[in-house]
Amino acid sequence: MKGDRVEIVVDAGDTTRTYEVVASRAGRRVETAVRRGVVEVSEVTRTGAVVRTARFMANRVLALVEQPVPREESSEKAGQSGRPFRDVPET
């Protein structure tokens, strides 16, 4: 979802470096995977096509912070009253 982001803090010898991968457009999301000693953070479209990828050696990664955008609840978005469908209001 647009605005999702992942911060990666990496050990760079005598200092640390922070990298950030952000879902830059609507419909995109950020996915994280750890495979064979490599941390991979990718920005992905709705169809699953990878837009960009950041790769880091897993033994150098100090922190991986996922920060999702706050989502609206479906009942607030649709303006529903929260009543189940089977309840018929008395008139």
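See the structure printed just above.
On a predicted model such as this, the values are computed, not experimentally measured, just so you know.

Here we come to the pairing of strand 2 (residues 16–22). As judged from the 7 bridges shared by strand 1 (residues 5–11) and strand 2, these two strands associate in the antiparallel manner. Bridging from a neighbouring strand, V6 pairs with V21 of strand 2.

By secondary structure assignment, the location of S42 is in strand 4 (residues 38–44). Take S42: its relative accessible area is 6%, and that puts it in the buried class. A distance of 3.3 Å separates a polar atom in the side chain of S42 from a polar atom in the side chain of T53. Filtering out sequence-adjacent residues up to four positions away, S42 remains in contact with R29, V30, E31, V50, R52 and T53.

Another aspect to go through is the nonpolar core. Counting residues in hydrophobic clusters, the biggest one holds 11 residues: V6, I8, V10, V21, A23, V30, V39, V41, A54, F56 and V61. Contributions of two or more residues to this core are made by strand 1, strand 4 and strand 5 (50–57). If you tally residues by element for this core, the top one is strand 1, at 3 residues. Once residues lying within four places of it in the same chain are set aside, the contact partners of V6 are Y19, E20, V21, V30, T32, V41, L64, V65 and E66.

Under the definition given, this model contains 1 aromatic pair. On the numbers, 5.2 Å between centres and 40 degrees between planes, the contact of Y19 with F56 is tilted. Highlighted residues: Y19 in strand 2 and F56 in strand 5, separated in sequence by 37 residues. Classification of Y19 as partly exposed rests on a relative accessible area of 35%.

What the rule picks out here adds up to 8 salt bridges. Notably, a salt bridge pairs E20 with R5, separated by 2.4 Å at the nearest N-O pair. Taken together, the positions of E20 in strand 2 and R5 in strand 1 put the pair 15 residues apart, joining distant regions of the chain. Here R5 falls in the partly exposed class, since its relative accessible area comes to 28%. Where R60 meets D11, a salt bridge forms, and the shortest distance between an N and an O atom there is 3.5 Å. One end of the pair, R60, is in the loop between strand 5 and strand 6 (61–67); the other, D11, is in strand 1, with 49 residues separating them in the sequence. Several salt bridges converge on common partners, so that one network encompasses R5, E7 and E20.

Scoring rules and cut-offs
- Along each chain, residue indices are assigned from 1 in the same order as the chain's sequence is written.
- Only residues with pLDDT of at least 70 are given local features in this predicted model, and only at 80 or more are side-chain atom pairs given and counted; all residues enter the totals for whole chains, interfaces and linings.
- Only heavy atoms go into the side-chain values, all of them from the structure, while hydrogens and water stay out.
- Strands pair, by our definition, only if DSSP identifies at least two bridges between them.
- Each helix is a run of DSSP H or I of at least 4 residues and each strand a run of E of at least 2, with the numbering of both proceeding from the N terminus.
- Three labels apply to residues, based on accessible area from a 1.4 Å probe with only protein chains included: buried if under 20% of the type maximum, exposed if over 50%, partly exposed otherwise in between.
- For this analysis, a polar contact is any N or O atom pair within 3.5 Å, provided that within protein one partner can donate a hydrogen and the other can accept it, and provided that sequence-adjacent residues contribute only side-chain to side-chain pairs.
- Only heavy atoms matter for contacts: two residues are in contact if any of them lie within 4.5 Å across the pair.
- Put simply, buried Ala, Val, Leu, Ile, Met, Phe, Trp, Tyr and Cys residues joined by side-chain atoms within 4.5 Å make one nonpolar core.
- Only rings of Phe, Tyr and Trp enter the pairing, Trp through its six-membered ring, and a pair is recorded when the two centres are within 6.5 Å. The plane angle decides the type: under 30 degrees is stacked, over 60 is edge-to-face, the rest tilted.
- Here a salt bridge means any side-chain nitrogen of Lys or Arg lying within 4 Å of a carboxyl oxygen belonging to Asp or Glu.

Nothing here speaks to function; it is all geometry.
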